[in-house]
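Okay, here's what each chain looks like letter by letter:
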Amino acid sequence: MSETKRETVIEVRDLVRKFGSRTVLNGISFTVEKGDTMIIMGGSGCGKSTLLRHIIGSLRPTSGSIKIFGEETTTMSPQQMEKLRLRFGMNFQFGALLQSLTVGENVALPLIENSKVDPAIVDLVVKMKLELVGLTGFENLKPAEISGGMRKRVGLARAVALDPELLFSDEPTSGLDPIMTAVIDQLTMDLTQKLHMTAVVVTHDMASAFRIGTKMIVLGAGKRAGMIIAHGTPDDIRNSPDPEVQQFIRGEPDGPVPLKLAPEDYIDRLLGHDRDKGLSY
Amino acid sequence: MAALRQFLTLNAQILYWTFVAPFAGKPTVRIDAIFQQMVRIGVQAVPMAALTSLSIGLTLAMQGSHELARMGATSYVPDLLSITLLRELAPLLTGVVVIGRSGSAITAELGTMKVSEEIEALEVMSINPIRFLVAPRVIAMIIMLPCLVVFSNYIGFVGGWIICNFALDINTTKYIMRLIESADMMDLISGMTKSFVFGWLISVISCQSGLAVTGGAEGVGRSTTKSVVLCILVMLVVNAILTGMFFIIEGPKG
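## Concerning the sheet that holds strand 2 (residues 22-33) of chain A
Residue and element names in this part refer to chain A. Taken in spatial order, the four strands of this open sheet run 2-1-4-5, and their pairing is antiparallel. Only two strands of the sheet have a single partner each, and these edge strands are strand 2 and strand 5 (71-72). The pairing of strand 4 (residues 63-68) with strand 5 spans two bridges and is classified as antiparallel. For Ile68, the partnering residue across the bridge sits in strand 5 and is Glu71. The strands that helix 1 (residues 48-55) touches are strand 1 (8-19), strand 2 and strand 4; relative to strand 2, the one it contacts most, it runs at about 60°.

Shown next, in the form of structure tokens:
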């Protein structure tokens, strides 16, 4: 690959996912190039995590295509998927650590199961990865014995244990203190800039998003639920003319996404729709 | 019907990871995981299995001697014990103990892992959950349930011996001789076959119920209850079928 035209790592086209009659993802298209940090933003329940689940292959879309490293994943067999997944790491929202194993064993798991390295080296890598997320010395604790934020960081250490080419992070900094947030952000930036890892991060944290993101998409709410309402570099998003995007990145309580229902609607919802039919009040 | 198909698929996957994958250069089922499960399912169930079968041995001998005394045949109590324990009660009751202790635990554990995204995390790490979680439990159960049944047989006989020796006029030597005389190889084979089949059914049904959990902590509870009920029902029905098969194979005993 030449320096000017970077390799496309993820290509999502016209992704649609319906759960019953509800459309959760409605025609999502974007590409992520090597070395990018793609930020996926949007209100709670707008389908960010669902989108991520489709990209990692846990869910199959209703229609549309997802290509990772040029390979179509929506029609892939489980065996092919297993092979492809060796090239990426996923940091789950709540860590998703195995409760029966210690912190150290959790980080070592992908190494032991997917590579044939010496136990001494596994031990060394585990220490290195835990050091990266600021958890030196926690190897022998069980996930139940550490805090939620720490579990999340162990999840990140496990996700990068095999030095993946592609890292997915589901809200990596929610619930972390400001210093730890900065540490995790710095780590993500180091991984993408120095090791040319590609990252896809779902986040609510605006400061962190604009710090680490090189590309962003914003998913809409209400009428535009499950659609991309803004797409581009952090500057594009910051200068977006879309009022909903502005409301979102500034964190304003009222705007295109209403704070409360209009008074008439509110009474309708409270009393059901038949208030003319003899409900006296 | 969908559940039956899932059950068969799960079996095929377990067979694949146990017997095919090691020769296809794929990662294998971890031996240490199997031993860990064997301790949990087998060794730790020993006290409970012992208490259960001791009580059953005692009860059987007492009830049997009551009935047989009317015909003046109390010396046949050991015969009654050996046949009922070896063929029916030891496999069934050990099965019930294992369903209650380990079957429910397997469903609850896998179910909790499912709802806390741990299973999904394993898949994303390219670690097959069937190989990593299900196969060790199934293998361990298929090995350990027959072991527990053999153990239960012995303890059941001890229970019978207590009654025969202290309440009836059958001394230890006579008791042992009558046991050996009355039991034939087919009794043991029939009981052991059952225990293998039960071990397989209990473990696979429990794992399948665990992996099928949806909907948080409530879902885990619901699935665990359903799985225990299903295991017991399936075990009783299959027990009747197997007894019927042995009945046909051997013909009515004369």
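More follows now that the structure is in view.
## As for the packing of helix 3 (residues 103-114) of chain A against helix 5 (residues 148-159) of chain A
Residue and element names in this part refer to chain A. Remark: helix 3 packs on helix 5, axes separated minimally by 8 Å, with the N-to-C direction vectors making an angle of 30°. It follows from the interaxial angle that helix 3 and helix 5 lie roughly parallel. Pair helix 3 / helix 5 crosses with right-handed handedness. Mapping the contact onto sequence places Val103, Asn106, Val107 and Pro110 in helix 3 and Val154, Ala157 and Arg158 in helix 5.

## Regarding the interface of chain B and chain A
Opposite the 17 residues of chain B that make contact, chain A presents 20 residues. Buried surface at the junction of chain B and chain A, both sides included, amounts to about 1700 Å², of which 54% is carbon and sulfur. Of all residues in chain B, Val124, Met125 and Ser126 of chain B bury the most surface against chain A, accounting for 34% of the area lost on that side. Where chain B touches chain A, the interface holds four salt bridges. Between Arg131 of chain B and Glu113 of chain A there is a salt bridge, with the nearest N and O atoms lying 2.7 Å from each other. Where chain B packs against chain A, one counts ten residue pairs in polar contact (both at pLDDT 80 or more). Considering each element in turn, the side of chain B that touches chain A owes the most residues, six residues, to helix 5 (residues 118-124) of chain B. Of the residues assigned to the side of chain B that touches chain A, the class counts are seven nonpolar, three polar and seven charged.

## Observations regarding the pattern of salt bridges
Opposite charge on two side chains makes pairing possible when the charged atoms of those side chains draw close. Residue and element names in this part refer to chain B. Evaluated as defined, the whole model comprises 21 salt bridges over all chains. Here Arg87 and Glu250 are joined by a salt bridge, their closest N and O atoms 2.7 Å apart. Highlighted residues: Arg87 in helix 4 (residues 77-115) and Glu250 in helix 9 (residues 216-250), separated in sequence by 163 residues. For the salt bridge of Lys194 with Glu88, the shortest nitrogen-to-oxygen distance reads 2.9 Å. Here Glu88 lies in helix 4 and Lys194 lies in helix 8 (residues 185-211), a separation of 106 residues in the sequence.

## Looking at the packing of aromatic side chains
Here the structure, examined in full by the defined rule, presents four aromatic pairs over all chains. Pairing Phe7 of chain B with Trp200 of chain B gives two aromatic rings, centres 5.9 Å apart and planes at 50°, and the pair type is tilted. Within this pair, whereas Phe7 of chain B is found in helix 1 (residues 2-20), its partner Trp200 of chain B is found in helix 8, the two being separated by 193 residues in sequence. Relative accessible area serves as the criterion here: at 11%, Phe7 of chain B is assigned to the buried category. Judged by centre distance (5.2 Å) and plane angle (80°), the rings of Tyr16 of chain B and Trp17 of chain B are edge-to-face. On the accessibility criterion, Trp17 of chain B (6% relative accessible area) is buried. Note that Arg87 of chain A overlies the ring of Phe69 of chain A, its terminal NZ or CZ placed 3.8 Å from the centroid. If you follow Arg131 of chain B out to its NZ or CZ, it ends over the ring of Trp17 of chain B, 5.8 Å from the centre.

## Details of the confidence of the model for chain A
Of all residues in chain A, 94% have pLDDT values of 70 or greater, and the mean over the chain is 85. At the low end of the mean pLDDT range in chain A sits helix 10 (residues 263-271) of chain A, at 77; at the high end sits strand 8 (residues 198-202) of chain A, at 92.

## Some remarks on the nonpolar core
Of all hydrophobic cores here, the largest spans 46 residues; its most connected members are Leu109 of chain A together with Leu122, Val134 and Ile202 of chain B. Of all the secondary structure elements, the ones that give two or more residues to this core are helix 1, helix 2 (31-41), helix 4, helix 5, helix 6 (129-166), helix 8 and helix 9 of chain B. If one sorts the elements of this core by residue count, helix 6 of chain B sits on top with twelve residues. Dropping the residues within four chain positions of it, Ile202 of chain B is found in contact with Gly95, Ile99, Gly103, Met141, Leu145, Cys231 and Met235 of chain B. Listed in part, the 34 residues of the second largest apolar core include Val9, Leu52 and Ile66 of chain A together with Ala121 of chain B.

## What about the sheet that holds strand 3 (residues 37-42) of chain A?
All names here are of chain A. If you trace the six strands from one edge of the open sheet to the other, you get 6-7-8-3-9-10, paired in mixed fashion. With one partner strand each, in any of the chains shown, strand 6 (88-91) and strand 10 (228-232) form the two edges of the open sheet. For this sheet, the mean angle separating the axes of adjacent strands, direction not counted, is 10°. Bridging between strand 9 (residues 215-219) and strand 10 involves four bridges; their strand directions are antiparallel. Bridged to Met216 within strand 10 is Gly232. The strands touched by helix 1 are strand 3, strand 6, strand 7 (166-170), strand 8 and strand 9; relative to strand 7, the strand with the most contacts, the crossing angle is about 155°. Packed onto the sheet, helix 5 meets strand 6 and strand 7 and runs at close to 175° relative to strand 6.

## Details of helix 9 of chain B
Residue and element names in this part refer to chain B. Compared with an ideal rise of 1.5 Å per residue, which puts 35 residues at 51 Å, helix 9 spans 50 Å between its outermost C-alpha atoms and is within 8% of the ideal. Listed as buried for helix 9 are Gly219, Val220, Ser223, Thr224, Ser227, Cys231, Met235, Val238, Asn239, Leu242 and Phe246. Looking at the buried side of helix 9, the elements it contacts are helix 4 and helix 8. Immediately beyond the C-terminal end of helix 9, within one or two residues, lies Gly251, with a positive phi of roughly 75°.

What counts as what
Residues numbered from 1 in each chain as written. Chains lettered and ligands numbered in written order. Predicted model: local features only at pLDDT ≥ 70, side-chain atom pairs only at ≥ 80, totals over all residues. Heavy atoms only, no water. Pairing = 2+ DSSP bridges. Helix = DSSP H or I, 4+ residues; strand = E, 2+ residues; numbered from the N terminus. Contact = heavy atoms within 4.5 Å. Axes fitted to C-alpha atoms, helices over the stretch in contact; angles between N-to-C directions. Parallel < 35°, antiparallel > 145°, perpendicular 65-115°, else oblique. Left-handed = near helix turned anticlockwise from the far one by under 90°. Buried area = accessible area lost by both parts, 1.4 Å probe. Salt bridge = Lys/Arg side-chain N within 4 Å of Asp/Glu carboxyl O. Polar contact = N/O pair within 3.5 Å; in protein donor to acceptor, adjacent residues only side chain to side chain. Nonpolar A, V, L, I, M, F, W, Y, C, P; charged D, E, K, R; others polar. Phe/Tyr/Trp six-rings, centres within 6.5 Å; stacked < 30°, edge-to-face > 60°. Buried < 20%, exposed > 50% of the residue type's maximum accessible area, 1.4 Å probe, protein only. Lys NZ or Arg CZ within 6 Å of the ring centre and 35° of its normal. pLDDT = per-residue confidence, 0-100. Core = buried A, V, L, I, M, F, W, Y, C linked by side-chain atoms within 4.5 Å. Expected span 1.5 Å × (residues − 1).

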